[in-house]
Amino acid sequence: MPVVISHLKCAGAGNWGRTVEVLDLMDKVSEHQDVSCDCYPYSASSSTLDLKQVTDEIDIFITWSEAKPEYAGKMLKDIAQEMELPLMEAARALQPAGAVYHCMDEEDVKRVLKYKLTMVGSDGLPNDPHPHPRLWGTFPKVLGHYCRDEKLFSMAEAIHKMTGMSAERYNMTDRGVIKEGAFADLVLFNPNTVKDTATFENPISVSDGIEHVFVNGISTYKNGVVSEKRSGRFIYRN
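I will try to describe carefully the structure that is included in this document. Residue numbers here run from 1 along each chain, matching the order of that chain's written sequence. Thresholds applied to this predicted model are a pLDDT of at least 70 for local features of residues and 80 or more for the giving and counting of side-chain atom pairs; totals over whole chains, interfaces and linings are not thresholded and use all residues. Excluded from the side-chain calculation are hydrogens and water; included are all heavy atoms of the structure.

**Some thoughts on the packing of helix H2 (residues 76-83) against helix H3 (residues 87-94)**
Lines are fitted to the C-alpha atoms to define the axes, a helix being fitted only along its stretch in contact, and any angle between axes, read from their N-to-C directions, falls within 0 to 180 degrees. Every helix listed is a DSSP run of H or I at least four residues long, and every strand listed is a run of E at least two residues long, numbered separately from the N terminus. Where H2 meets H3, the axes come as close as 9 Å, and the angle between the chain directions of the two elements is 95 degrees. Relative to H3, the element H2 is oriented roughly perpendicular. Seen from H2, the contacting residues are Leu-76, Lys-77, Ile-79, Ala-80 and Met-83; seen from H3, they are Leu-87, Ala-90, Ala-91, Ala-93 and Leu-94. Counted by class, the contact of H2 with H3 contains 9 nonpolar, no polar and 1 charged residues. Here roughly perpendicular refers to angles of 65 to 115 degrees, roughly parallel to angles under 35, roughly antiparallel to angles over 145, and oblique to all remaining angles. Note on definitions: a residue-residue contact is assigned when non-hydrogen atoms from the two residues lie within 4.5 Å. Under the scheme applied here, ten amino acids are nonpolar (Ala, Val, Leu, Ile, Met, Phe, Trp, Tyr, Cys and Pro), four are charged (Asp, Glu, Lys and Arg), and all others, including Gly, are polar.

Pasting the structure below:
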């Protein structure tokens, strides 16, 4: 059976740097097992506020709280100080809540992104009231920051990790490639200016440098304007 490790990471301060071990193991396993992975280009994860992940070793940013909405947009450690409570008790008082965990090391992120068997995915949650910036910024960040500025890989390789490699991995026939007869899912962008603008404080923000988008051959985005016509199709599992 093919194996895909979803959003590969080494989370938690005690695991930083261990991507060297992980990728070495994947190299060895790939000699006899069909294996690959995906990741998102950020050193922070996002989910609900999970008490099992509450620790003072990392920064935890509270995105929303039903019990105490006034604390949304603040670090948990600062909230605990304001409440005059231990970190864990403050977390309990906020629940249910959402949080961003700054739990990864940037060098690990770059190492996994660059790895030959890695695809890029956003892992974004569209219905999150305060989403992780990866929802709006993942792919432009790979093209602008990690490809153009950090020079982790060529532009062609960056694009392949986000298109053809993923389509082939999940058996999406005639997608992820530009050729006659294929579905015309196309993005026209400026490689010199493409840039993510979404931040943890302001995560819903249109990226720079994306000029024109076609979905199944239909223009859906141009000059900052999204078309009202929706031309996407549901892709059934093969």
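Resuming the write-up.
**Focus: the packing of aromatic side chains**
Aromatic ring pairs are defined here through the distance separating the ring centres and the angle between the ring planes. Each aromatic pair joins two rings of Phe, Tyr and Trp (for Trp, the six-membered one) with centres within 6.5 Å, and gets the label stacked for planes under 30 degrees apart, edge-to-face for over 60, and tilted for any other angle. Overall, the coordinates contain 1 aromatic pair when judged by the stated rule. Whether a charge sits over a ring comes down to the Lys NZ or Arg CZ being within 6 Å of the ring centre and within 35 degrees of the ring normal. Sitting over the face of the ring of Tyr-40, Arg-134 holds its NZ or CZ atom 4.6 Å from the ring centroid. Cation over ring: Arg-175 sits above Phe-183, and NZ or CZ is 3.8 Å from the ring centre.

**Looking at a nonpolar patch on the surface**
Think of a patch as exposed residues, more than 30% relative accessible area, with no salt bridge, where like charges cluster within 9 Å and nonpolar side chains (Val, Leu, Ile, Met, Phe, Trp, Tyr) cluster within 5 Å. Computed with the Shrake-Rupley method and a 1.4 Å probe, the accessible areas treat only the protein chains shown as cover for residues. In the sections that follow, a salt bridge refers to a side-chain nitrogen of Lys or Arg positioned within 4 Å of a carboxyl oxygen of Asp or Glu. Nonpolar side chains collect at one region of the surface, where Trp-136, Ile-204 and Val-206 lie side by side and expose about 280 Å² of accessible area between them. Looking at where Trp-136 falls in the secondary structure, it is placed in helix H5 (residues 134-149).

**Digging into the sheet that holds strand E5 (residues 74-75)**
Pairing between strands requires that DSSP locate at least two bridges from one strand to the other. Taken in spatial order, the 4 strands line up as E3-E6-E4-E5 in an open sheet, and their pairing is antiparallel. Edge strands, defined here as strands with exactly one partner in the open sheet, are strand E3 (45-48) and E5. With 2 bridges connecting them, strand E4 (residues 59-65) and E5 associate as antiparallel partners. By the bridge assignment, Phe-61 is partnered in E5 with Met-75.

**Brief notes about the pattern of salt bridges**
Taken as a whole, this structure holds 14 salt bridges when the rule is applied. Across the pair Glu-21 and Arg-18 runs a salt bridge, and its minimum N-O distance is 3.2 Å. Between buried and exposed lies partly exposed: a residue is buried under 20% and exposed over 50% of the maximum accessible area for its type, with that area taken using a 1.4 Å probe on protein chains only. Glu-21 sits in the partly exposed class, given a relative accessible area of 47%. With relative accessibility at 38%, the residue Arg-18 sits in the partly exposed group. The closest approach of N and O atoms between Glu-150 and Lys-110, which form a salt bridge, is 3.4 Å. Placement of Glu-150 in the loop between H5 and helix H6 (155-162) and of Lys-110 in helix H4 (residues 106-114) is noted, with a sequence separation of 40 residues between them. For Glu-150, a relative accessible area of 35% gives the class partly exposed. Among the residues examined, Lys-110 registers a relative accessible area of 16% and is labelled buried. Ionic contacts of the salt-bridge type, sharing partners, join the residues Glu-107, Lys-110 and Glu-150 into one network.

**Things to note about the sheet that holds strand E8 (residues 186-189)**
Strands sit in the order E8-E9-E10-E11 across an open sheet of 4 strands; the sheet is antiparallel. A single partner strand is all that each edge strand has here, and the edge strands are E8 and strand E11 (225-226). Of the pairings in the sheet, the one linking E8 to strand E9 (residues 210-215) comprises 4 bridges and is antiparallel in character. Within the sheet, the bridge partner assigned to Leu-188 lies in E9 and is His-212.

**What to know about the side chain of Thr-138**
By secondary structure assignment, the location of Thr-138 is in helix H5. Any pair of nitrogen or oxygen atoms within 3.5 Å is treated as a polar contact; in protein, a donor-acceptor pairing is required on top of that, and neighbouring residues in sequence qualify only through side-chain atoms on both sides. Looking at Thr-138, its side chain comes within polar contact range of the main-chain oxygen of Arg-134, at 2.7 Å. Dropping the residues within four chain positions of it, Thr-138 is found in contact with Pro-41, Tyr-42, Val-120, Gly-121, Ser-122 and Pro-133.

Without other data, these values stay purely geometric and don't point to any function.
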